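The residues making up each chain are set out below.
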Amino acid sequence: MKRLAYIIIGIVILLVAASFAATVGQETDSISFNANYIISDSDLPLMKKKALDGDAESAFQIYLHYSLGKFDSICAFGWLQIAANQGHAKAQYNLGSTYMEVALFKNMELAKFWLKKAEKNGEKWATERLVELEEIELNQKEKK
């Protein structure tokens, strides 16, 4: 539990630093193929405040903003963790899938943890991913 708290604190610090760096002397990119996921510069601070005050949907929307709109994977991952910790089922599913698939974050124990939470919270695809994860673990045991 203490480790999780340190991780969350570290991510929040990174997010604040990244947010500050992004606003200093830079113009926003006005062209994006994923404009539906872009949160305006004027709305983003309010969304961040709501998210940090416990609004899981706002945190998830910010995750989408950074993962599909502005393409900042580090910020996206941080907001995904925040949304998942706040109980957002889709965020929990996405976080579990990230831990399962993305080499940089690969951790099968955390993948299972978050996919089970997502399944418990009604995310229908989580069950299929858990079956996939069990097959991967079984294959790894057979190779040993």
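Let me begin by describing the structure that accompanies this report.

Section: a nonpolar patch on the surface
Move 1: A contiguous nonpolar patch, built from I74, V102 and L104 and spanning about 290 Å² of accessible area, is present on the exposed surface.
Move 2: Relative to the elements of secondary structure, V102 occurs in the loop between helix 5 (89-101) and helix 6 (108-120).
Move 3: For V102, a relative accessible area of 35% translates into the label partly exposed.

Describing the nonpolar core
Move 1: Among the nonpolar cores identified, the biggest contains 31 residues, and I62, Y63, Y66, W79 and L95 are the most heavily contacted of them.
Move 2: Elements that contribute at least two residues to this core include exactly helix 2 (44-52), helix 3 (56-69), helix 4 (73-85), helix 5, helix 6 and helix 7 (124-143).
Move 3: Counting residues per element, this core draws most heavily on helix 4, which supplies 8 residues.
Move 4: Those residues in contact with L95 that lie beyond four places of it in its chain are F77, L80, Q81, A84 and W114.

Some points on the packing of helix 6 against helix 7
Move 1: With their axes 9 Å apart at the nearest point, helix 6 and helix 7 run at an angle of 155 degrees to one another. Put simply, helix 6 runs roughly antiparallel to helix 7. For the element pair helix 6 and helix 7, the recorded crossing hand is left-handed. Contacts between helix 6 and helix 7 involve M108, A111, K112, L115, K116, A118 and E119 on the former and, on the latter, A126, T127, R129, L130, L133, I136 and E137.
Move 2: When its residues are assigned to classes, the contact of helix 6 with helix 7 shows 8 nonpolar, 1 polar and 5 charged.

Observations concerning the packing of aromatic side chains
Move 1: Applying the stated rule across the entire model yields 4 aromatic pairs.
Move 2: Judged by centre distance (5.4 Å) and plane angle (40 degrees), the rings of F60 and Y63 are tilted. One end of the pair, F60, and the other, Y63, are both in helix 3, 3 residues apart, so they sit about a helical turn from each other. Each member of the pair, F60 together with Y63, is buried.
Move 3: With a centroid separation of 5.8 Å and 85 degrees between ring planes, the pair formed by F77 and Y99 is classed as edge-to-face. Highlighted residues: F77 in helix 4 and Y99 in helix 5, separated in sequence by 22 residues. You'll find F77 and Y99 in the same group, each marked buried.
Move 4: Through a chain of ring-to-ring contacts, three or more aromatic side chains come together here, namely F77, Y99 and F105.

Conventions and cut-offs
- Residues numbered from 1 in each chain as written.
- Predicted model: local features only at pLDDT ≥ 70, side-chain atom pairs only at ≥ 80, totals over all residues.
- Heavy atoms only, no water.
- Patch = residues over 30% accessible without salt bridge, like charges linked within 9 Å, V, L, I, M, F, W, Y side chains within 5 Å.
- Areas by Shrake-Rupley, 256 points an atom, 1.4 Å probe, with all protein chains shown as cover.
- Salt bridge = Lys/Arg side-chain N within 4 Å of Asp/Glu carboxyl O.
- Helix = DSSP H or I, 4+ residues; strand = E, 2+ residues; numbered from the N terminus.
- Buried < 20%, exposed > 50% of the residue type's maximum accessible area, 1.4 Å probe, protein only.
- Core = buried A, V, L, I, M, F, W, Y, C linked by side-chain atoms within 4.5 Å.
- Contact = heavy atoms within 4.5 Å.
- Axes fitted to C-alpha atoms, helices over the stretch in contact; angles between N-to-C directions.
- Parallel < 35°, antiparallel > 145°, perpendicular 65-115°, else oblique.
- Left-handed = near helix turned anticlockwise from the far one by under 90°.
- Nonpolar A, V, L, I, M, F, W, Y, C, P; charged D, E, K, R; others polar.
- Phe/Tyr/Trp six-rings, centres within 6.5 Å; stacked < 30°, edge-to-face > 60°.

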